[in-house]
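Here is what each chain is made of, one letter per residue.
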Amino acid sequence: MRRLRVAVCQINAVMGDIDGNVARIIDCLDDAEQAGADVAVFPELSVCGYPPEDLVLKPGFVAACEAAVARVAARTGSCAALIGTVEGGRDIFNTAVLCADGRKVLSYHKRLLPNYSVFDERRYFTPGTDPYQLVEIKGVKVGIAICEDIWSPTGPMHEQAAGGAEVMLVPNGSPYHAGKALERDVLMSSRAADSSCALVYVNQVGGQDELVFDGGSVVFDHEGHLIARGAQFDEQVLVCDIEVIPTYRKRRLDPRGQELPVPALPVVELSKHEPLDGPPLLPPMIDLLDDNTEVWQALVLGTRDYVVKNGFTEVGVALSGGIDSSMVVAIAVGGRCRSGPRRPHAVTVLERSLGVGLRRDVRGTRVDYRTIAIEPAHAGCSNVGAILRGSSAGHHRGKLAVPIRGVLMMGLSNKLGWLILTTGNKSEVGVGYSTLYGDTAGGFAVIKDVFKTRLYELALAQRVRRSGDHPEQRDREASVGRAATRPTRRSEPAALRRTRRHSRRLRRRRSDGEGADRAWSRCCDREPDHAPGRHRGVQAAAEPPGIRISPKAFGRDRRVPITNRYRG
């Protein structure tokens, strides 16, 4: 029986912070060596951060990544390190580099480049075409693939396993969405069993702009049995032993029992087999989080990392008394979005009559609560009423309240350096209930992809509510006394009922993925006061389009990460 000890290093890389990422990698490598690991595996593009987008078009960025790899290689000893980086000149490659004994051993270039959903790798990278090479570590033949490479049943994992690989090391940058961890488990188990090859799947963790990476790295044996799982939404060095038995005969047989003429792949020898005594090292098995806990952790981690990685020390939220703003404040508190003794700032910028209940809500929490009256601003805007013919005074007042709030919050941001967190949820944004220059005024939209019904579930699970109140009751109370900000004469409670109805309908149809746009259209078309496709207009207004007259315009042409510390 041969045994390979693997250190699964799921780290939170910072985009463009190459020196900082190298320090993180070396720290984890030291931990792996102390644990007696034979190889430490890091996530995809761990040297520079993922996804680097247009940064890879800068020659200095690529050169800095290659120099960083040399620094990591120089620190390796008996424990090999598989790290992710970019390589190339005219052609740029998404690369996994194996280093050991103070040197770079080999590079593997990603072959299958995803170009769907949030991925756009064909814009930047060239697919790898070099012949496969296996590496022998402690007598075990090891293959390398990167993320998308193993999603294909006939891709690089299948080919390397047929050529003699017994363990596949797979760095990944797999973004989170609800239920993604279970999907990965099923797929990775199938890949391992189909290839009769153990699989080490290492995912990164952390927030990068709108994406969240949930970690949850996994190790499967050659029969597709899960033997280790990393923590979700947290950095970790997970060390485990993989027991390897000869399976090449099974692997080389097709379903009819005929041996396939697949030649053995060339092997680079790093270390020979050494007999090991005692039982294999297997960490305690970690269960997957439930759906609502998983979503909550993703929101907290994504918000915290956006704040911290972009250098903000304080955040502000306009607190209206409804569940949306209360949840955003709770997420900011959960993500510890503060520096030192400072706390998230919850600001009420509506009528003072709302202040008593809101002050009771935030009492005892780590929130700095302030109240700003808007009556003077309303009075200053009273002349607009003459232009809005046919609008009642209450309706006019309600329509101005939220934009005034947005102006005041942005004023606080400009003066005090706060990052303003917006409070529009997916249901409201999708049906046009989210107010431009009000709910959308700010620098980071924490809950923009969370349905209203999901917010109620999260509020109940996290107890973000007044004692004895249901979150829906809280929303109705927050709406009393304010006119609707949507372009109808209906009350806000009616609008809230509409968004709840849309949320339930869309979640039943699983429209978060493919077909979401069609589902939104069908929901909007059922409402007599909604123009078909209204959600598209709202989305366009949030980031207005412009005319492109240069070969590199802002918008479609430039895709530079917002969270980015590269200054080359």
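The rules we used
Residues numbered from 1 in each chain as written. Predicted model: local features only at pLDDT ≥ 70, side-chain atom pairs only at ≥ 80, totals over all residues. Heavy atoms only, no water. Pairing = 2+ DSSP bridges. Helix = DSSP H or I, 4+ residues; strand = E, 2+ residues; numbered from the N terminus. Axes fitted to C-alpha atoms, helices over the stretch in contact; angles between N-to-C directions. Buried < 20%, exposed > 50% of the residue type's maximum accessible area, 1.4 Å probe, protein only. Contact = heavy atoms within 4.5 Å. Core = buried A, V, L, I, M, F, W, Y, C linked by side-chain atoms within 4.5 Å. Phe/Tyr/Trp six-rings, centres within 6.5 Å; stacked < 30°, edge-to-face > 60°. Parallel < 35°, antiparallel > 145°, perpendicular 65-115°, else oblique. pLDDT = per-residue confidence, 0-100.

**Q** What is the right way to read the sheet that holds strand β15 (residues 267-269) from this model?
**A** Adjacent strands of a sheet pair through backbone hydrogen bonds, lying either parallel or antiparallel. Here we have seven strands laid out as an open sheet, ordered β13-β12-β9-β8-β7-β6-β15, and mixed in their pairing. Of all strands in the sheet, those bounded by a partner on one side alone are β13 (226-229) and β15. The sheet shows a mean angle of 25° between the axes of neighbouring strands, direction not considered. Two elements, strand β9 (residues 198-203) and strand β12 (residues 218-220), share three bridges in a ladder whose sense is antiparallel. Looking at β12, one finds that Tyr201 is bridged to Val218.

**Q** In this structure, what is going on with helix α12 (residues 452-462)? I would like to understand it.
**A** Because an α-helix completes one turn every 3.6 residues, residues spaced three or four positions apart along the sequence face the same direction. All of the buried residues in α12 are Lys452, Thr453, Arg454, Leu455, Tyr456, Leu458 and Ala459. Phi for Arg463, located one or two positions after α12, is positive at around 60°.

**Q** Got a minute to help me understand the pairing of strand β6 (residues 134-137) in this structure?
**A** Here is the key point about a regular strand: its side chains alternate between the two faces of the sheet. The side-chain alternation of β6 yields two buried faces, one formed by Leu134 and Glu136 and the other by Val135 and Ile137. Two strands pair when backbone bridges link them, and β6 and β15 are joined in this way by three bridges, in the parallel orientation. Within the sheet, the bridge partner assigned to Leu134 lies in β15 and is Val267. For β6 and strand β7 (residues 140-144), the ladder comprises three bridges, and the chain directions are antiparallel. Directly across from Val135, in β7, lies its bridge partner Val142. Between β6 and the antiparallel strand that follows it, β7, lie two residues; Lys138 among them carries a positive phi value of about 50°.

**Q** Teacher, can you tell me more about the environment of Ala193 here?
**A** Relative to the helices and strands, Ala193 is located in helix α4 (residues 180-195). Taking relative accessible area as the criterion, Ala193 reaches 29% and is therefore assigned partly exposed. Between the C-alpha atoms of Ala193 and His222, which are 29 residues apart in sequence, the distance is 5.7 Å. In this view, Ala193 contacts His222, Glu223 and Gly224; residues no more than four positions away in its chain are not counted.

**Q** What is the right way to look at the sheet that holds strand β5 (residues 103-109) in this model?
**A** Strand order in the open sheet formed by six strands is β5-β4-β3-β2-β1-β14, with mixed pairing between adjacent strands. Two strands in the sheet have a free side with no partner beyond their single neighbour: β5 and β14 (236-244). The sheet shows a mean angle of 30° between the axes of neighbouring strands, taken without regard to direction. One ladder, built from three bridges, connects strand β1 (residues 2-10) with strand β2 (residues 39-41); its direction is parallel. Residue pairing for β2: Ala7 is matched across the bridge by Ala40.

**Q** Even after reading the chapter, I still don't get the nonpolar core, so can you show me in this structure?
**A** Nonpolar side chains tend toward joint burial in soluble globular proteins. Residues Val39, Leu98, Val167, Val200 and Ile242 are the most contacted members of the largest nonpolar core, which totals 51 residues. No other element matches the five residues that β9 contributes to this core. Membership of the second largest hydrophobic core comes to 42 residues, among which are Val22, Ala73, Tyr124 and Leu211.

**Q** Where do I start with the side chain of Gln208 in this structure?
**A** Mapped onto the elements of the fold, Gln208 is located in strand β10 (residues 205-208). Residues within four places of Gln208 in sequence aside, it is in contact with Met15, Tyr50, Pro51, Phe213, Pro561 and Thr563.

**Q** What is the right way to look at the packing of aromatic side chains in this model?
**A** The geometry of two aromatic rings is summed up by the distance between their centres and the angle between their planes. Throughout the structure, instances matching the rule amount to five aromatic pairs. Summarising the aromatic geometry, the rings of Tyr116 and Phe119 are spaced 5.4 Å apart at their centres and angled 70° between planes, so their arrangement reads as edge-to-face. Given the relative accessible area of 40%, Tyr116 is considered partly exposed. Where Tyr176 meets Phe233, the ring centres are 5.5 Å apart and the plane angle is 70°; that geometry is what we call edge-to-face.

**Q** So what exactly am I meant to see when it comes to the pairing of β5 here?
**A** Pairing analysis gives six bridges linking strand β4 (residues 92-100) to β5, with the strands arranged antiparallel. Residue pairing for β5: Thr95 is matched across the bridge by His109. Taking the residues that link successive antiparallel strands as the turn, the β4-β5 hairpin has two residues, and the phi of Asp101 there is positive, at about 55°.

**Q** Teacher, can you tell me more about the packing of helix α6 (residues 291-309) against α12 here?
**A** The angle between the axes and the distance between the axes are what describe a pair of packed helices. At a minimum axis distance of 10 Å, the contact between α6 and α12 shows a crossing angle of 95°. Classed by the angle they form, the pair α6 and α12 counts as roughly perpendicular. Mapping the contact onto sequence places Asp291, Asn292, Val295, Trp296 and Leu299 in α6 and Arg454, Glu457, Leu458 and Gln462 in α12.

**Q** Help me understand the confidence of the model for the protein chain, please; the structure alone is not making it clear to me.
**A** One rule of thumb: low pLDDT means the predicted coordinates there are not for detailed reading. In this model, the protein chain carries a mean pLDDT of 80, and residues with pLDDT of at least 70 account for 72%. Across residues 480-493 the pLDDT falls below 50, and counting only partners more than four positions away or on other chains, this stretch makes 38 contacts in the model. Scored below 50 in pLDDT, residues 524-541 makes 33 contacts in the model with residues more than four places away or belonging to other chains.

**Q** How do you make sense of the side chain of Asn172 when you look at a structure like this?
**A** With respect to the secondary-structure elements, Asn172 resides in strand β8 (residues 167-172). The buried category is assigned to Asn172, whose relative accessible area is 0%.

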